[in-house]
Structures are given as C-alpha cells and as structure tokens.
Amino acid sequence: MVRPSEIVAFLLLVTLVGTSLAANILYPVESESREVRTLHGLWNFKISPPSNQLIGFDEKWYTMRFETLGDYWKMPVPSSYNDVSTNSTIRDYVGWSWYQYEFYVPKRWTDDQLNVFLRFGSVHFKSIVWLNGKLCVDHEGGHLPFIGNATDFLKYDEPNLIVVAVNNTLRPDTIPQGYTTYPNNTYKYPKDYTIYSHEFDYFDYSGINRAVHLYTTPKAYVCDITVLTSFGNNLEGIVDYKVDICGNNVPECNITLLDANRNTVVESNTCSGQLIIPNVIPWWPIMSGKKHIAYLYTFQVKTNNEKSDYYRLRIGVRTLQWTSKELLLNNEPIYLRGFGKHEDSIIRGRGYDDALSARDYYLIKWLGANSFRTSHYPYAEETLQQADAEGILVIVESAACNLRIFGPDVMKFHKGVMTENVNRDKNHPSVIMWSLANEPHNNLNSSVSYFRELYKHVRNIDPSRPITFVNSQQIQNAKAIEYMDILTLNRYSSWYSDSGHLELIQYQIYNEFEAFTKKYKKPILFTEYGAGAIAGLHSLPETMWSEDYHVTLLQEHFKTFDSLIANGVPILGEMIWNFADFKTPQEYIRPGLCVKGLFTRERQPKMAAYVVKERFHTFISNTAWQKRSLSCG
C-alpha cells in the first residue's frame, strides 16, 4: 500500500538519481518543439564468420559502405533477422552481426541549434552504434530502449551512415543467461567445436527488433517525467509529479493537465509538485462495469524559457494496494483473467508490428480477458500504450528466465535492467506488477539473498506496485518467495506431470494452492497452466495433443478455481499458458512450436479459445464473482 511518506521519499530519490538513471528514456513524440523520424526500411546486413568474429572491428566495417565489401543481405528494420532469409546460418546465428543504413537530415536542424537523439527501442542483445564512423552509443541487454546523442556526429550536406554491431551471445552473468561449452571430445566433435545453449524454451530472436527513431529537442529539454496518482478524502484525484530538465538550467515549467476532450483541468508553474483534480475520472480496466473505461488525461509540459520544449504524456489516475488476501485497484478487488504471451510472429520474429499488436488486442477483448503477463521479457512500449488505452492490466516481467546462477555479476546486471525497465514503464496505469524472473532455480540457497536484495532494489525505485517472481518449485523446495508481495505458481498437472490423468487436476491444484496460501499468508496468482494442442487434431475420448484434451484440461482447472474462490482461498487470478503458439528452439519434444496457444501462430482460434471466451465472460466485473446462471461447473 502506498503511503504519503513513501511518495515523498520516492520523489526525493528521483531528484537525487533520476536524471542519471532515466535521462532521455521518454518515448519520442512530436510536438511544437520536437520532430520525430523513423529509420525504418531495408538495411544492409552482414554476419561475421564464426572463425573470425572480430573481423568487422579489425577491418573497421563501421567506417565503410557494405556495398564496397560485398557479401551482404538486405534486412528489414524493425524485425528479427532469423526467419527473414532462406539461409539456415542466419537463422541459427550466434555472434556479431552488422547493420548499416544511409539517411539524410534537414539542414534546418543545425540552423535551429537543436539536439538530435538516436533512439533504439530494442536491440538483442549487445549493441555498438557508430554514426559517420564515430562511436555514438553502446548498450547491453535486449528488450529495453537506449539513446545516443547524435547532434555532433550528423552531416547536413551529405548522406549519414549509421552502423550497428549486434551480438546475441548470452553469458552466465547476463539476463537472461546463456552458456558456451567446449565438448573436448574429438571422437564426436571436430577440434575446437563449441556448443551454445540457454535454458529458456522460446526461440532467441535477435537483431534490431523495435523502432529506430531520430528526434530533435531544444537545447534545454524535458528528459524525464515521473507521476504517482492517488485519491483525496473527497475522491479528488491527486497527481504527484516531477519533471527533469536536461541541458541548460530552466527554473520553471508550465504544467497543464488536459481531459480526454483536451480541456484544461488544472495547471501549475513548477517542475515538481502536486495537481488536484476535482471530479476526477479514475482509470478503470476493461470489464469493470464503470461508465468510463481506460480514461486517460494528458500531462502537458512546457519549459519556461526562450526556446520552450513541449512534451505530452498520457496518464491514468488509479491506485494499487495489496493485502494478505487481495489485490485492489481503486480500492476494489481485482481478479486477473488472462495469459502469458510472447512477442512472436511468422517472418518478423520478435520484431514489433502495429498490425499484429492491434490484432492481439482485438482477440484479448473478444475473449473477455482483462490481463496478460509480458512473459518472459519487457514488451514494446507501443504494446503498453495500447494497454493503457484499452484498459488491459499488465504484469511486466524481466528477461530473467530460468536463472540458475546467482552471484554478484548477474546481480549487478539484473539490477541494471530492472532499473531501466521501471524507469521506462513507471507511468503506465496498465502496469500493475513487476515480475523479477520466471521459473528461477529458487530451490537453491543462493537464491534467497539474491531475490531479497533485488526486491529491495526495485521497491526503492517504485513503491507503488507489488513485486513478485514466478515460482515453479514445489512448496518444500521453494525459497525466497516469502520476500515477494504476491505468490505465483506455474503448474502443468496432467501434462508435464501425471500426463493424461485429467482426474487429478482438481485434487492436486486445490491442495497445493491451499498449502501455499496457508504457509505464507499471502494471495496467490496462477501464472501458468495449460496443454499442447495441435490445431485440427481431434480425439474422442480426448488424448494428449488433441484440441479435445486441451479443452477438458482447461475446464477441470476452471472447476478448481471456482472451488478455491467459493471456499475463500485467496487466489488472485487464472492466467493460461499461452495466448498464441510461438516458435521454440529445435528439439524432439516440440514440432518447432510451443502449441499451447489458445490461438494459432497466425492468430486464429482453436477450440479452447471459445471455451475460455465463455469462461471469461461469465464474470460480472473484474472481481472473482460470476453470473450464477452462466457459472462454469
């Protein structure tokens, strides 16, 4: 629960360290003072030979056009490079790849003495960026944005050459973790043969996966905004805010809060303070039964100087509290109905696409879902912006999937990506929880101090949201979960365990949920359950991998959830694995895809989607209570 003293402490922390941690992380938007351009299209693309990974650096590829080198491909940006070509080497490539693109910029940018920033929404995994042969910025960690100041590197009377070196090799000290081993067995493997592996079960798509922007600002500009919302005693809205200004000293800001019709609601002349909104319209998620769903105000900033900078941020006014039994949004209990997802589609891989995102949200609303988890990494900013506007609740998860090494190096990396993640997503009303990891090896004693310290780090950055990690360990082995605000559980009864025995689901799930909540005195969220189903495969009576088995397995879980709710076991929601089929590494237990989706990879419904739609629409609102006449049983 957020208390006023915590808000004051939080804003003080932002004052002390916010600019150094979060400067320029704001999403690029156009305004009276800003211009935004995308550098999207077909970029030149090369890979370094496996036997000579440093050739691009030795030969200074960052200074020359690839046309002069030969042996290059065209690669669309944004997209993952793996599935675009017909080349298996590129599909499975691990190591240094190189991108290159030429572009022009208008001369007025230098005439007007503007800053020009180069922003990448996500590059997986390590990236080094040169502009006209000069180092502009480097970054390590996928799924999160980074920015370089391009002002002094640009040319205004000839083409500009941008080169990006990308390395997708993961290590034991990165998030997520990867491993390179040397078999040293010349009977089975050639001399110096290496094996690269990771433990997560989704395909590790690589490349420039999200938008690349050039954007301008005045020399003094808005570089970060932090808002925390609450309600007063008379139900007025309260917005505590802080605006960071970078560049020249700007003593004042003009703040204007606009309603959905762009009418002024309240104003202020300070860069940090509090706004009081009379007759506030709260931000409510979809299916709340309220008159206004996903209501957004516009927080407008204008710097008070000769060349003013303008920035507009859409915000929702809502609160979150959590107790030993409930998760409360605007003081009303929330029961989550949704799924895990993946940023995954044919050809573009993990590359962001507006059409695909729009289709996914139409399907989410068709199902009657109110939430999803960004398994197993932060999703694109555009995805969260749409969640804000549609009223879909989101659990944002870090890329720490299946951690099994806990030490100071990976802790440092993990803290860094969590800081970047929270600073990026802190203002989204749709974001209701931080997940530090998915299915870590928290049966190890070393995980206890690790997650305790990591929890404290994120709690210091954001006091307003609950924090968890997704647990898959048995109750007798699960460690560190006592330091989390909310319990979670991934279980695959009658799939990975007791395969084919659907009759055990109710007995096993009910007993386990009851045991966890009694031991830890905290509410529990079911973060994964499900079964694989090959679209079009049917079996009567039902057998594994058929759509019929998938349906029956879900229905048995639904009965269990209803029993838990009826008997007062504090369950926070039911999240199916998975929204849609997605690509996996090559292995003999899956046919190239995880087929646990309610929808095919092409976003067409399986039988299970209709059953889930009926289930989710039985709920009266976002609580756990259902319409009795339609109750599943």
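Residues numbered from 1 in each chain as written. Predicted model: local features only at pLDDT ≥ 70, side-chain atom pairs only at ≥ 80, totals over all residues. Heavy atoms only, no water.

1. Describing the UniProt feature "domain: Glycoside hydrolase family 2 catalytic" (unreviewed entry) in the protein chain
Move 1: Look at the UniProt record and you will see "domain: Glycoside hydrolase family 2 catalytic" (unreviewed entry) annotated at residues 323-618.
Move 2: Helix makes up 35% of residues 323-618 and strand 17%, whereas the separation of the span's terminal C-alpha atoms amounts to 26 Å. (UniProt positions renumbered as here; feature names shortened; annotations may be inferred. Helix = DSSP H or I, 4+ residues; strand = E, 2+ residues; numbered from the N terminus.)

2. Some points on the sheet that holds strand β16 (residues 237-246)
Move 1: One open sheet accounts for three strands, arranged β15-β16-β19; its pairing is antiparallel. The strands lining the two open edges of the sheet, one partner per strand, are β15 (221-231) and β19 (272-277). On average, adjacent strands in this sheet sit at an angle of 25° to one another, irrespective of strand direction.
Move 2: Pairing of β16 with β19, which is carried by six bridges, proceeds in the antiparallel orientation. Looking across to β19, one finds that I238 is bridged to I276. (Pairing = 2+ DSSP bridges. Axes fitted to C-alpha atoms, helices over the stretch in contact; angles between N-to-C directions.)

3. Things to note about the sheet that holds strand β29 (residues 467-470)
Move 1: Taking strand neighbours across the sheet as the criterion, the eight strands line up as β29-β28-β27-β26-β25-β32-β31-β30 in an open arrangement whose pairing is parallel. Here the strands that pair on one side only, and so sit at the sheet edges, are β29 and β30 (487-490). Direction aside, the axes of adjacent strands within the sheet are offset by 25° on average.
Move 2: The sheet contact formed by β30 and strand β31 (residues 524-528) spans four bridges and is parallel. Opposite N490, over in β31, you have E528 as the bridge partner.
Move 3: Packing against the sheet, helix α9 (residues 505-520) makes contact with β30, β31 and β32 (571-576), and its axis sits at approximately 155° to β30. (Contact = heavy atoms within 4.5 Å.)

4. Re the pairing of strand β20 (residues 297-303)
Move 1: Most of β20 sits inside the fold, with six of its seven residues counted as buried.
Move 2: Pairing of strand β17 (residues 253-258) with β20 involves six bridges; the strand directions are antiparallel. Residue pairing across strands places N254 opposite K302, the latter belonging to β20.
Move 3: Direction of pairing for β20 relative to strand β21 (residues 310-315): antiparallel, over a ladder of six bridges. Residue pairing for β21: Y297 is matched across the bridge by I315.
Move 4: The hairpin formed by β20 and β21 contains six residues between the paired strands. (Buried < 20%, exposed > 50% of the residue type's maximum accessible area, 1.4 Å probe, protein only.)

5. Digging into the packing of helix α10 (residues 547-566) against helix α11 (residues 607-616)
Move 1: It is at 8 Å that the axes of α10 and α11 come closest, and there the two elements cross at 20°. Between α10 and α11, the angle falls in the class roughly parallel. You can see that α10 and α11 cross each other, and the crossing is right-handed. Between α10, through E547, D548, H550, V551, L554, Q555, F558, F561 and D562, and α11, the contact on the second element is made entirely by M607, A608, V611, V612 and R615.
Move 2: Here the residues of the contact of α10 with α11 are counted per class, giving eight nonpolar, two polar and four charged. (Parallel < 35°, antiparallel > 145°, perpendicular 65-115°, else oblique. Left-handed = near helix turned anticlockwise from the far one by under 90°. Nonpolar A, V, L, I, M, F, W, Y, C, P; charged D, E, K, R; others polar.)

6. Considering the packing of aromatic side chains
Aromatic rings considered in pairs are described by the distance between their centres and by the relative angle of their planes.
Move 1: Scanning the model with the defined rule gives 42 aromatic pairs in all.
Move 2: The interplanar angle of 10° and the centroid separation of 4.5 Å between the aromatic rings of Y62 and W130 together place this pair among those described as stacked. Of this pair, Y62 sits in the loop between α2 (55-58) and β3 (73-77) while W130 sits in strand β7 (residues 126-131), and the two are 68 residues apart along the sequence. Across this residue pair, the class does not change: Y62 and W130 are buried.
Move 3: Site record: aromatic cluster; members linked through ring pairs are F57, W61, Y62, F66, W96, W98 and W130.
Move 4: Its end group placed over the ring of F203, K583 keeps NZ or CZ at 4.4 Å from the ring centre. (Phe/Tyr/Trp six-rings, centres within 6.5 Å; stacked < 30°, edge-to-face > 60°. Lys NZ or Arg CZ within 6 Å of the ring centre and 35° of its normal.)

7. Side note on empty space enclosed by the protein
Move 1: Scanning all chains against the criterion turns up four cavities of 30 Å³ or more.
Move 2: One number sums up the size of the largest cavity: a volume of about 170 Å³.
Move 3: As for the largest cavity, its lining consists of 17 residues, of which E343, Y352, L356, D360 and T383 are closest to the centre.
Move 4: For the lining of the largest cavity, a count of residues per class yields four nonpolar, six polar and seven charged.
Move 5: In this structure, the second largest cavity spans a volume of roughly 60 Å³.
Move 6: If you go around the second largest cavity, the residues you meet are G141, G142, H143, L144, I175, P378, S398, A399, V417, M418 and N421.
Move 7: Considering only residue class, the lining of the second largest cavity consists of six nonpolar, five polar and no charged. (1 Å grid on protein atoms, 1.4 Å probe; cavity = no way out; pocket = protein on both sides within 12 Å on 5 of 7 lines; lining within 4 Å. Points joined across faces, edges and corners; volume = space filled by probe spheres on them.)

8. A closer look at the environment of Y361
Move 1: Along the chain, the position of Y361 falls in helix α5 (residues 354-367).
Move 2: Put simply, Y361 and A387 are 26 residues apart on the chain and 8.2 Å apart in space, counted from C-alpha to C-alpha.
Move 3: A polar contact of 2.6 Å, which involves the side chain of Y361, links it to the backbone oxygen of T383. (Polar contact = N/O pair within 3.5 Å; in protein donor to acceptor, adjacent residues only side chain to side chain.)

9. Looking at the domain arrangement of the protein chain
Move 1: Taken domain by domain, the protein chain comprises domain 1 (20-168 + 204-217), domain 2 (221-318) and domain 3 (321-629).
Move 2: Between domain 1 and domain 2, the residue contacts involve 16 residues of the former and twelve residues of the latter.
Move 3: In this assembly, domain 1 and domain 2 are joined by two salt bridges.
Move 4: In this structure, D309 and R34 form a salt bridge, with 2.8 Å as the shortest nitrogen-oxygen distance.
Move 5: At the surface where domain 1 touches domain 2, the tally comes to seven residue pairs in polar contact (both at pLDDT 80 or more).
Move 6: Taken together, the residues that form the side of domain 1 that touches domain 2 break down as seven nonpolar, six polar and three charged. (Domains from an automatic or database assignment. Salt bridge = Lys/Arg side-chain N within 4 Å of Asp/Glu carboxyl O.)

10. Observations regarding the confidence of the model for the protein chain
Reading predicted coordinates in detail is not appropriate for stretches of low pLDDT.
Move 1: In this model, the protein chain carries a mean pLDDT of 93, and residues with pLDDT of at least 70 account for 95%.
Move 2: Confidence over residues 1-22 falls short of pLDDT 50; this stretch has 37 contacts with residues more than four positions distant or in other chains. (pLDDT = per-residue confidence, 0-100.)

11. So, the layout of surface pockets
Move 1: Size it by volume and the largest pocket reaches roughly 1100 Å³.
Move 2: Looking at the largest pocket, it is lined by 32 residues, and the ones nearest its centre are D92, Y93, V94, Y196 and S197.
Move 3: Elements represented by at least two residues in the lining of the largest pocket include exactly α3 (88-91) and β12 (195-198).
Move 4: No other element matches β12, which puts four residues into the lining of the largest pocket.
Move 5: Considered class by class, the residues forming the lining of the largest pocket number ten nonpolar, 14 polar and eight charged.

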